[in-house]
Amino acid sequence: MSVGETPITVVGNLTDDPELRFTNTGVAMARFTIASTPRTYDKTSGQWRDGTALFLRATAWREVAEHATESLTKGMRVVATGRLVQHNWQTPEGENRSMLGLDLEDIGPSLKFATAKVTKAQRNGSGAPTERQNDQWSTAAPGATPAGFTAEPPF
């Protein structure tokens, strides 16, 4: 993050499936909305009450966009981190408008009420992620000792 940016972490639910698009230069981008609703316990009634929901339009880029599109679906509870940004524009009628958005740094499923199985992504020569069939970091090299060390030099 750069100086002057507003970092933020949001926990909420996706209101729709992430939508993957590509820029004219081929950069992957995904957009979706995260709804975060505060809940408070009312001691007098003995019930939980929902507060006012915050809807943040989130934008993910490159690998994060591709992974989010493949992994996340509408209704999932997520934990997202990124930079809070303000978008300003003018309507055709000349009215000034603005909205807050979230430029994502990272996002994943919340494990508070769910489980997830993670599959490590690998980059190929083109920079695009691919599934890793044999993770070189998860198994010992051929001829390795039980501790994972070999007598052979690494070159």
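Below, the structure is looked at part by part.

1. Observations regarding the overall build of the protein chain
Step number 1: Tallying secondary structure elements over the protein chain gives one helix and 10 strands in all.
Step number 2: Sequence separation of 24 or more characterises 55% of the internal contacts of the protein chain that already satisfy a separation of 6 or more.
Step number 3: With an accessible surface of roughly 11700 Å², the protein chain has 51% of that area assigned to carbon and sulfur atoms.

2. Considering the nonpolar core
Step number 1: Judged by nonpolar contacts, the single largest core of 17 residues is most densely connected at Phe-32, Ile-34, Leu-102, Leu-104 and Ile-107.
Step number 2: Only strand S1 (6–14), strand S3 (28–36), strand S6 (54–61), helix H1 (62–71), strand S7 (77–90) and strand S8 (96–109) provide two or more residues apiece to this core.
Step number 3: With four residues, the top contributor of residues to this core is S3.
Step number 4: Ignoring any residue separated from it by four or fewer positions in sequence, one finds Leu-104 in contact with Phe-32, Ala-58, Thr-59, Ala-60, Ala-80, Thr-81 and Gly-82.

3. Focus on the environment of Gly-12
Step number 1: Structurally, Gly-12 can be placed in strand S1.
Step number 2: According to the relative accessible area criterion, Gly-12 is buried, its value standing at 1%.
Step number 3: Separated by 44 residues in sequence, Gly-12 and Leu-56 place their C-alpha atoms 9.6 Å apart.
Step number 4: With residues near it in sequence (within four places) discarded, Gly-12 still touches Ile-34, Ala-35, Ser-36, Met-76, Arg-77 and Val-78.

4. Details of the pattern of salt bridges
Step number 1: Under the defined criterion, the tally for this structure stands at five salt bridges.
Step number 2: For Arg-21, the salt bridge identified is with Glu-19, shortest N-O distance 2.6 Å.
Step number 3: Judged by its relative accessible area of 48%, Arg-21 is partly exposed.
Step number 4: A relative accessible area of 37% places Glu-19 in the partly exposed class.

Rules of the game
- Residues numbered from 1 in each chain as written.
- Predicted model: local features only at pLDDT ≥ 70, side-chain atom pairs only at ≥ 80, totals over all residues.
- Heavy atoms only, no water.
- Helix = DSSP H or I, 4+ residues; strand = E, 2+ residues; numbered from the N terminus.
- Contact = heavy atoms within 4.5 Å.
- Areas by Shrake-Rupley, 256 points an atom, 1.4 Å probe, with all protein chains shown as cover.
- Core = buried A, V, L, I, M, F, W, Y, C linked by side-chain atoms within 4.5 Å.
- Buried < 20%, exposed > 50% of the residue type's maximum accessible area, 1.4 Å probe, protein only.
- Salt bridge = Lys/Arg side-chain N within 4 Å of Asp/Glu carboxyl O.

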